[in-house]
Amino acid sequence: MTQQQISDCTINKYEIRDIRFPTSKFLDGSDAMNKDPDYSAAYIIFYTDNGEFEGHGMTFTNGRGNDVVCCAMEALAQKFVGKKLSDLVKDMRATHRICTGDSQLRWIGPEKGVIHLATGAVINAIWDLWAKAAGKPVWKLVVDMSPEEFVQCVDFKYITDVLTEEEAIEMLKKNEATKPQREAEMREHGFPSYTTSAGWLGYSDDKVRRLIREAKAQGFTYFKQKVGSDKESDIRRAALIREEIGEDAVLMMDANQVWDVKEAIDWMEDLLKFKPLFIEEPTSPDDILGHAAVRKALYPRTRVATGEHIQNRIIFKQLFQAEAIDFCQIDSCRVAGVNEILAILLMAKKFNIPVCPHAGGVGLCEYVQHLSLIDYICVTASTEGRVLEYVDHLHEHFIDPVVMKNSNYTAPLAPGYSIQMKRESIEDYTYPTGKVHTEDA
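Now for a quick tour of the structure.

Reading the values: the criteria
Residues numbered from 1 in each chain as written. Predicted model: local features only at pLDDT ≥ 70, side-chain atom pairs only at ≥ 80, totals over all residues. Heavy atoms only, no water. Core = buried A, V, L, I, M, F, W, Y, C linked by side-chain atoms within 4.5 Å. Buried < 20%, exposed > 50% of the residue type's maximum accessible area, 1.4 Å probe, protein only. Helix = DSSP H or I, 4+ residues; strand = E, 2+ residues; numbered from the N terminus. Contact = heavy atoms within 4.5 Å. Salt bridge = Lys/Arg side-chain N within 4 Å of Asp/Glu carboxyl O. Pairing = 2+ DSSP bridges. Axes fitted to C-alpha atoms, helices over the stretch in contact; angles between N-to-C directions.

### Topic: the nonpolar core
Looking at soluble globular proteins, one finds that nonpolar side chains tend to be buried together.
Thinking step 1. Core analysis: the biggest nonpolar cluster contains 144 residues, and Trp127, Phe150, Phe316 and Val362 have the highest contact counts within it.
Thinking step 2. It is helix H4 (residues 113-134) that contributes the most residues to this core, 14 residues altogether.
Thinking step 3. In this structure Trp127 touches Met92, Val138, Leu141, Val142, Met145, Cys153, Val338 and Asn339, once residues within four positions along its chain are discounted.
Thinking step 4. Judged by nonpolar contacts, the second largest core, of eight residues, contains Tyr194, Met252, Phe278 and Phe327.

Printed below as a string of structure tokens:
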């Protein structure tokens, strides 16, 4: 498929780790649904016969159950041992189907749940390996593809009723000539973001005020508040945040799936006076028509966003078709890795829905910075209505962590997918044997 030069290698073994960070101690990540999360990574390393290159990948979970995902990753990872990287990247659509097309493993999906989370980790590790062997960050690897090469990475099964390969190629060709200008812009200025770090539900009012003021000093003008546990508390907290950020800054709200449809509409009616840009995950992520009903009741006074728990490209397709969302919040490893993300980016472009990736969790900021750059440079050629989530948690555990400048993500330049953890962190936080967990016990 690809004409890009790589240093070839063969995968000869893999390592899978259950890595958990005890974030529940300080209620980092707390919201109406996830009251005490321990940010965790089901983590994989593909080793090769070229000692210079390893492929690292992970999927994010909230703690318990991380071991279940690791078991599913074990079933998938063994399929790649003995395979040459050049053969895998020759047809990335076929490589993707090594995971999604297994007729027996598919039964415990299909293309959703634990097996799909595991697929996201494994496929992302292949992309990390490919980018390292090409000497490029993942975003640049994709940006340097022709439209035909880009599309060859995408599995169009179940979405051809809204987007064909031919349409996707033509869509990409329209922006092909101007890619160098947008790449230069991103290298110079970076991609705009918003912060959730001040909005966790379990934080005290004083801590929220302090974190908002720190974020403002760093240049942030977009802020997200967690809602849905207690309406009066939400109203009080929204008033506090609006007071701190001022009338010109942008406030978003996130219910993390906690409401029924009518409850979501009624609850938001009392929060509209604080002028939220959107309500995120107002109800079950599987309820397409429920999202559409919430949007119909609240639009244009506020908008609807979802995506971090949308299980695959098919559900995204239906959300677009039903006019159920105004913002598409892709998650880098809930769906099946980069390949499926590319499909969703293309559909979002077709339906003119801006993509604002989810990044609230360990490693997700590192991942999604690449995806927003791909979306802007290759697919949409626009940053209008697009901001990338940022949370200031756990970046110190990565070899190439995100770098923020004036509230923008700077373009990552190191080869790979920015997801490789430091070996010390892998050892210390492996559950239950790592030093952090044995000391706690």
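What follows continues from the structure just given.
### Regarding the pattern of salt bridges
Thinking step 1. Under the defined criterion, the tally for this structure stands at 42 salt bridges.
Thinking step 2. When the shortest N-O distance is used, the salt bridge between Arg97 and Asp155 registers 2.8 Å. A residue pair is termed long-range when its members are at least 10 positions apart, and Arg97 in helix H3 (residues 92-100) and Asp155 in the loop between helix H6 (147-152) and helix H7 (165-174) qualify at 58 residues.
Thinking step 3. A residue is classified by how much of its surface remains accessible, and Arg97, at 38% relative accessible area, is partly exposed.
Thinking step 4. Here Lys317 makes a salt bridge to Asp161, at a shortest N to O gap of 3.2 Å. With a gap of 156 residues between them, Lys317 in helix H13 (residues 313-321) and Asp161 in the loop between H6 and H7 connect regions that are remote in the sequence.
Thinking step 5. Residue class for Lys317 comes out buried when judged on its relative accessible area of 10%.
Thinking step 6. Sharing partners across several salt bridges, the network here consists of Arg97, Glu111, Asp155, Arg313 and Glu340.

### Quick word on the environment of Val142
Thinking step 1. Checked against the element boundaries, Val142 lands in helix H5 (residues 138-143).
Thinking step 2. Each C-alpha atom, one on Val142 and one on Glu269, is 42 Å from the other, the two residues being 127 residues apart in sequence.
Thinking step 3. Residues contacting Val142, with those up to four places away along its chain left out, are Trp127, Phe150, Ile374 and Cys378.

### So, the sheet that holds strand S2 (residues 40-48)
Thinking step 1. One open sheet holds the three strands; their spatial order is S1-S2-S3, and the pairing between them is antiparallel. Looking at which strands have only one partner, the edges of the open sheet turn out to be strand S1 (11-20) and strand S3 (54-61). For this sheet the average axis-to-axis angle between neighbouring strands, irrespective of direction, equals 15 degrees.
Thinking step 2. Both S2 and S3 contribute to a ladder of eight bridges, which runs antiparallel. When the sheet's bridge partners are listed, Ile44 is paired in S3 with Gly57.
Thinking step 3. Strands in contact with helix H1 (residues 66-77) are S1, S2 and S3; relative to S1, the strand with the most contacts, it is inclined by about 175 degrees.
Thinking step 4. H4 contacts S1, S2 and S3 of the sheet and is inclined by roughly 150 degrees relative to S3.

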